[in-house]
Each structure stands twice: as structure tokens, then as C-alpha cells.
Amino acid sequence: MKPKHSEKFPSEAEERVRHLRAQIQHHDYLYYIRNTPEISDEEYDRLFRELRELEERHPALLSPDSPTQRVGVTPLDSFPTIEHTAPMLSLDSHVDEEGLRRFDERVRKALGDDEVTYVVEPKLDGASVELVYEEEQLVRASTRGDGRFGEGITANVRTIPTIPLRLREAERPVPRFVAFRAEVIMPIGAFEALN
């Protein structure tokens, strides 16, 4: 009797899983972030199916940052309480030049740097969340809650395609531990379609 592929070539399966995850994450980035897809939906689905089948045949290769763990996650009925890495305070709102100047002074003083660059974007109002990554991998997400403690929504956040399950190194190395404050929004059209 011939050994099964999974028994005979575990290192090949592991390498193929690693390759498929990298490909899928690359194509997710192009599709959801850059809006410049390189492959068809059919080709993407084929890669995704192959990854899911390999993970089913080799459960030891399954990991929380796999693209297969994003789709179909059942939202939790109850949410654990999670303490934030730093308090999530309310954002200041200024409409006059003097308020902006005071803000700029505080930023420069806190950073100890006179060369500060700002990026200005429209304010989008949604749900404030904290995203915590350790060793490049998303380990927890929580709502703002009372500013110190929020509800754990990691499983729910994993279903949002634009939130990376693993950070990509770009212009500089990714820190071992990093927490982001983010705003989860839903376009009006998607909200209406959901309702």
C-alpha cells in the first residue's frame, strides 16, 4: 500500500501551505487595500480551496493567522472583557487655529522633534477598536468600551478582510508588539444591503 501524500511528504505540505498563505495574503492586499487585483476570482478561490484542503489533511499546520480562519467565523454570543494596552481616550476636536497650534505644540514636545508631518483625512465615525499584534500576528481586538476595558471581539474582527491577520514588513521591520487604534466603518450601501 502506497503511503498517503500527507504521510510521505509532510515538509512539502508545510511548504505548500506557507506558499499558499503568502499568495493569498498578497492577493488580499492587492484586492482589498490597493484595489488592483492581479488574478481572477476563480483563481483566488482555487488557491483558497487548496489551502483549506491541505489544512484539513494536516491539522497541525493550521494557525490562527491563516486566511482560512477569516471566513465563516461565527461571532461570539458573549464577549470577554479585555484591558487595553493604553487608555483609549476621546479624541480632541478643534475648529479654531489656536486649538490646532496647542495640539501641535503638545505633539512636538511629546516626540521631542521639531519636524512633524501630519496627514489629514475626513473623519469617519464608526466603532473604535484596539488591534494588538504580537510577533506580527493579530492576537486580540477589543471595542473602546469605557476607555480602559473593552469587549473582546477578535473572532468578529477576523471576518473583516481589510484588517490583516499578519502584518507585512514594508519600509521598516514590524515591532514584536504593537497596538493600533482603528475605526471600523461600514459604507452606507453595505449597511442598507445588510438591513
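Residues numbered from 1 in each chain as written. Predicted model: local features only at pLDDT ≥ 70, side-chain atom pairs only at ≥ 80, totals over all residues. Heavy atoms only, no water.

Visitor: I would appreciate a short explanation of the layout of surface pockets in the present structure.
Guide: Rolled over the atoms, a probe with the dimensions of a water molecule shows which regions are left empty. In this structure, the second largest pocket spans a volume of roughly 830 Å³. Counting residues per element, the ones that place at least two in the lining of the second largest pocket are helix H2 (10-34) and strand S5 (177-184). Of the residues contributing to the lining of the second largest pocket, the split by class is 20 nonpolar, two polar and nine charged. (1 Å grid on protein atoms, 1.4 Å probe; cavity = no way out; pocket = protein on both sides within 12 Å on 5 of 7 lines; lining within 4 Å. Points joined across faces, edges and corners; volume = space filled by probe spheres on them. Helix = DSSP H or I, 4+ residues; strand = E, 2+ residues; numbered from the N terminus. Nonpolar A, V, L, I, M, F, W, Y, C, P; charged D, E, K, R; others polar.)

Visitor: So what exactly am I meant to see when it comes to the packing of aromatic side chains here?
Guide: Aromatic ring pairs: the centre-centre distance and the angle between the two ring planes describe each pair. According to the stated counting rule, one finds three aromatic pairs in the structure shown. Aromatic side chains Phe103 and Tyr118 sit 6.1 Å apart centroid to centroid with 45° between the ring planes, which places their arrangement in the tilted category. Taken together, the residues Phe103 in helix H4 (residues 97-111) and Tyr118 in the loop between H4 and strand S2 (127-134) connect sequence positions 15 residues apart. Ring geometry for Tyr133 and Phe180: centres 5.8 Å apart, planes at 80°, overall edge-to-face. Of the two residues, Tyr133 sits in strand S2 while Phe180 sits in strand S5, which places them 47 residues apart along the sequence. (Phe/Tyr/Trp six-rings, centres within 6.5 Å; stacked < 30°, edge-to-face > 60°.)

Visitor: Mind showing me how you'd approach the pattern of salt bridges here?
Guide: Side chains that differ in sign of charge can pair as their charged atoms come close. Counted by the stated rule, this structure contains 14 salt bridges. Notably, a salt bridge pairs Glu43 with Arg46, separated by 2.8 Å at the nearest N-O pair. Residue Glu43 and its partner Arg46 are both found in helix H3 (residues 41-57); the two are separated by three residues, about one turn of the helix. A salt bridge links Glu83 to Arg148, with the shortest nitrogen-to-oxygen separation between them at 3.5 Å. Taken together, the residues span a long stretch of sequence, with Glu83 in strand S1 (residues 81-83) and Arg148 in the loop between strand S3 (137-143) and strand S4 (149-151) at a distance of 65 residues. Taking the relative accessible area as the measure of exposure, Arg148 reaches 48% and is therefore partly exposed. (Salt bridge = Lys/Arg side-chain N within 4 Å of Asp/Glu carboxyl O. Buried < 20%, exposed > 50% of the residue type's maximum accessible area, 1.4 Å probe, protein only.)

Visitor: Is there a simple way to think about the environment of Phe149 in this case?
Guide: In this fold, Phe149 is placed in strand S4. Expressed as a C-alpha distance, the spacing of Phe149 and Glu83, which sit 66 residues apart in the sequence, is 4.4 Å. Filtering out sequence-adjacent residues up to four positions away, Phe149 remains in contact with Thr81, Ile82, Glu83, His84 and Arg144. (Contact = heavy atoms within 4.5 Å.)

Visitor: Just to check I follow, could you spell out the side chain of Arg158 for this structure?
Guide: Here Arg158 is to be found in the loop between helix H5 (154-157) and S5. One buried charge, Arg158, has no salt-bridge partner; the nearest side chain with opposite charge is Asp65, at 6.9 Å. Polar side-chain contacts of Arg158 include one of 3.4 Å to the backbone oxygen of Leu138. (Lys, Arg positive; Asp, Glu negative; His and termini not counted. Polar contact = N/O pair within 3.5 Å; in protein donor to acceptor, adjacent residues only side chain to side chain.)

Visitor: Looking at this structure, I do not really get unusual backbone geometry. What am I missing?
Guide: The phi torsion of most residues other than glycine is negative, and most of the peptide bonds are trans. Even without a glycine there, the phi angle at Glu135 is positive, about 50°. Examined against the element boundaries, Glu135 turns out to sit in the loop between S2 and S3. Even without being a glycine, Glu136 presents a positive backbone phi close to 75°. Examined against the element boundaries, Glu136 turns out to sit in the loop between S2 and S3. On the basis of relative accessible area, Glu136 is assigned to the partly exposed category, the value being 22%.

Visitor: I tried to follow the sheet that holds S3 on my own but got confused; where do I start?
Guide: Whether parallel or antiparallel, the strands of a sheet pair through hydrogen bonds between backbone atoms. Spatial strand order, S3-S2-S5: three strands in an open sheet with antiparallel pairing. Edge positions in the sheet fall to S3 and S5, since each has one partner strand and no second. Put simply, the sheet's adjacent strands are angled 25° from each other on average, direction ignored. Sheet analysis places S2 next to S3, joined by six bridges and oriented antiparallel. Counterpart to Glu134 in the pairing with S3 is Gln137. (Pairing = 2+ DSSP bridges. Axes fitted to C-alpha atoms, helices over the stretch in contact; angles between N-to-C directions.)

Visitor: Which parts of the structure should I look at to understand the nonpolar core?
Guide: Considering soluble globular proteins, one finds that nonpolar side chains tend to be buried as a cluster. By size, the foremost hydrophobic cluster in this structure holds twelve residues: Val129, Leu131, Tyr133, Leu138, Ala141, Ile153, Val157, Ile163, Leu165, Leu167, Val174 and Val178. Elements with a contribution of two residues or more to this core: S2 and S3. Counting residues per element, this core draws most heavily on S2, at three residues. Contacts of Val129, omitting those with residues within four sequence positions, involve Met88, Ser142, Thr143, Ile153, Phe180, Arg181, Ala182 and Val184. (Core = buried A, V, L, I, M, F, W, Y, C linked by side-chain atoms within 4.5 Å.)

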